[in-house]
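The primary structure of each chain is shown beneath.
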Amino acid sequence: MTQAEFVVVANRLPVDKAGPGEGEDGWRRSPGGLVTALEPVMKETDGAWVGWPGQADLEVEPFDFDGTQLIPVALSADEIEKYYEGFSNDTIWPLYHDVIAAPRYRRVWWDSYVRVNRRFAEAAANAVKENGTVWVQDYQLQLVPKMLREMRPDLTIGYFHHIPFPAYGLYSQLPWRRLVLEGLLGADVIGFQRVADAGNFARAVRRLFRYETRAGRITVPGEDGTAHTALAKAFPISIAAETYMELAKKPEVQARAKEIREGLGNPKAILLGVDRLDYTKGIRHRLKAFGELLEDGRVTVDDVTLVQVASPSRERVEAYVQLRDEIELTVARINGDHDTFGHSAIRYLHQGYPREEMVALFLAADVMLVTALRDGMNLVAKEYVATRNDNRGVLVLSEFAGAADELGSALKVNPHDIDTLKDTIIQAIEMPEADQARRMRSMRKRVLEHDVKAWSDSFLAALDDARAAKERATR
Ligand code: G6P
């Protein structure tokens, strides 16, 4: 194995094991945005990617995929249960999303999280060249920056946090709150989605360690009497906007959008929700508002249909099992009360779809509903905007999604306020085309200018600055 200049460490590899008969060498590229974002960097810099191949006990040797070296980290069934489903998705995920679901603090989960983080750190340390760069991704790997720094003081280390960072009053519940902060502070640059997330992080650091923080620069003392600077700053993530724009121009995608509308009985307005089936997404609030609008007679199934795509996610975590039951009961009740032979109130799809199909769906939708109760960014909001070359369509956007900081022309909502949510949905359905176009143009400008390439470029530039500062200091 040759060592790489630049190494990404993420919980998941950028590929999934292909089903029988598909994909080269049994792997296919996973659809995630991060993968697209980093593809050019990986190719330019002879990069490597360390991650879990997505199944229990799958021991695979490092291999080359599309010019990138992939370094699989195996997880046992026990580790998937404790590190991934347990600590990552039943402790950190609910805690960092403002305890929408109750976090569970279990010491055996924490132990597994530490062990697995160490395995990822070791894999990265072995993969990277002298004085190289490692970019760690997301909440599953918060301890990796410090572990890496101890193993390899020569490295420049970045960490990007894709989800929210909570206010101290919530964060302080975490029994391992000091250890997690220390883990993150091992990085030279710690990126967050919103300015507010970076602020919450810096406040937690001040409260627990009394370190000096100035304009996001935190002086972190090391054990040997030296210190390093960690920069905590917002780098809002984005999408490959150009790709969505181009897909939306394809005649076959546009034809498919028309076909989708026809399949739904050509209603006057199609409302759309697209989410992983997760309690942070506010799917229940959205269904409640729509159900009441039908109940009140402010909309009818002949005129308005809600399409809800809820892709399966973390299906063995109890909170997700419960949520699915609640959502499916609610959908069935609303449909039972309001459907006619020709029209359905809600078309509910518990499935994931390829990107082209999603773009067709975005083009078919008059109103996009993003009603997250808390969300790091919400890329679906940006994807919808990027596909609307026609400047039509209305985005209803929760103020609790990171995207709200950038998409000022969306119709902003507090999804907890059901009455206002209902009024906003009506306002969206009835919005004149000129108003739609004005708002859409300004949102498109933002998303096309700040695409995912701009995001990774700005993060990597901050890492370069950190490296230069370190070199100056040791000279
Ligand atoms: C969020 C997280 C990612 C995660 C994704 C899918 O976007 O920020 O780190 O990969 O959800 O969740 P999963 O548990 O399937 O990886």
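Residues numbered from 1 in each chain as written. Predicted model: local features only at pLDDT ≥ 70, side-chain atom pairs only at ≥ 80, totals over all residues.

- Looking up the protein in an unreviewed UniProt entry gives the name Trehalose-6-phosphate synthase, with the organism given as Microbacterium aquimaris.

1. Some remarks on the sheet that holds strand β17 (residues 394–398)
So, point 1. Strand order in the open sheet formed by six strands is β15-β14-β13-β16-β17-β18, and the pairing between neighbours is parallel. Both outer strands of the open sheet, β15 (346–349) and β18 (411–413), are each paired with one neighbouring strand and no more. On average, adjacent strands in this sheet sit at an angle of 20 degrees to one another, irrespective of strand direction. (Pairing = 2+ DSSP bridges. Helix = DSSP H or I, 4+ residues; strand = E, 2+ residues; numbered from the N terminus. Axes fitted to C-alpha atoms, helices over the stretch in contact; angles between N-to-C directions.)

2. With respect to the site of the ligand
So, point 1. With respect to spatial proximity, the complete set of residues near the ligand consists of R12, D138, H162, I163, S313 and R314.
So, point 2. Looking at the shell around the ligand, its residues break down into one nonpolar, two polar and three charged. (Near = placed C-beta within 6 Å. Nonpolar A, V, L, I, M, F, W, Y, C, P; charged D, E, K, R; others polar.)

3. Topic: helix α9 (residues 251–263)
Since there are 3.6 residues in each turn of an α-helix, residues three or four apart along the chain are aligned in direction.
So, point 1. An ideal rise of 1.5 Å per residue puts 18 Å on 13 residues; α9 measures up with 18 Å between its terminal C-alpha atoms.
So, point 2. Positive backbone phi, at 85 degrees, marks G265, one or two positions downstream of α9. (Expected span 1.5 Å × (residues − 1).)

4. Some details on the packing of helix α8 (residues 241–249) against helix α12 (residues 355–364)
So, point 1. Across the interface, α8 lies against α12 with an axial gap of 10 Å and an inter-helix angle of 70 degrees. Put simply, α8 runs roughly perpendicular to α12. Between α8 and α12, the residues in contact are Y244, L247 and A248 and R355, E356, V359 and L363, respectively.
So, point 2. Residue composition of the contact of α8 with α12, by class: five nonpolar, no polar and two charged. (Parallel < 35°, antiparallel > 145°, perpendicular 65-115°, else oblique. Contact = placed C-beta atoms within 7 Å.)

5. Let's talk about the sheet that holds strand β4 (residues 48–52)
Hydrogen bonds between backbone atoms are what pair the strands of a sheet, whose relative direction is either parallel or antiparallel.
So, point 1. Ordered in space as β5-β6-β4-β1-β7-β8-β9-β12-β11-β10, the 10 strands form an open sheet in which the pairing is mixed. Edge positions in the open sheet fall to β5 (63–65) and β10 (213–214), since each of these has one partner strand only.
So, point 2. Bridge count for β10 against strand β11 (residues 217–221) is two bridges, and the pairing is antiparallel. When the sheet's bridge partners are listed, T213 is paired in β11 with I218.
So, point 3. Where helix α7 (residues 195–209) meets the sheet, it contacts β9 (189–192), β10, β11 and β12 (227–234), and its direction lies at approximately 145 degrees from that of β12.

6. What about the packing of helix α10 (residues 283–295) against helix α11 (residues 318–338)?
Helix-helix packing is characterised by the crossing angle of the two axes and by the distance between the axes.
So, point 1. It is the contact of α10 with α11, at a shortest axis distance of 10 Å, that shows an interaxial angle of 10 degrees. Overall, the two elements α10 and α11 adopt an arrangement that is roughly parallel. α10 and α11 meet at a crossing whose hand is left-handed. Along the contact surface, α10 presents I283, R284, L287, G291 and L294, while α11 presents E326, I327, T330, V331, I334 and H338.
So, point 2. Residues belonging to the contact of α10 with α11 are distributed by class as follows: six nonpolar, three polar and two charged. (Left-handed = near helix turned anticlockwise from the far one by under 90°.)

7. Considering the environment of G297
So, point 1. Within the secondary structure, G297 sits in the loop between α10 and β14 (304–311).
So, point 2. It is 27 Å that separates the C-alpha atoms of G297 and L323, two residues lying 26 residues apart in sequence.

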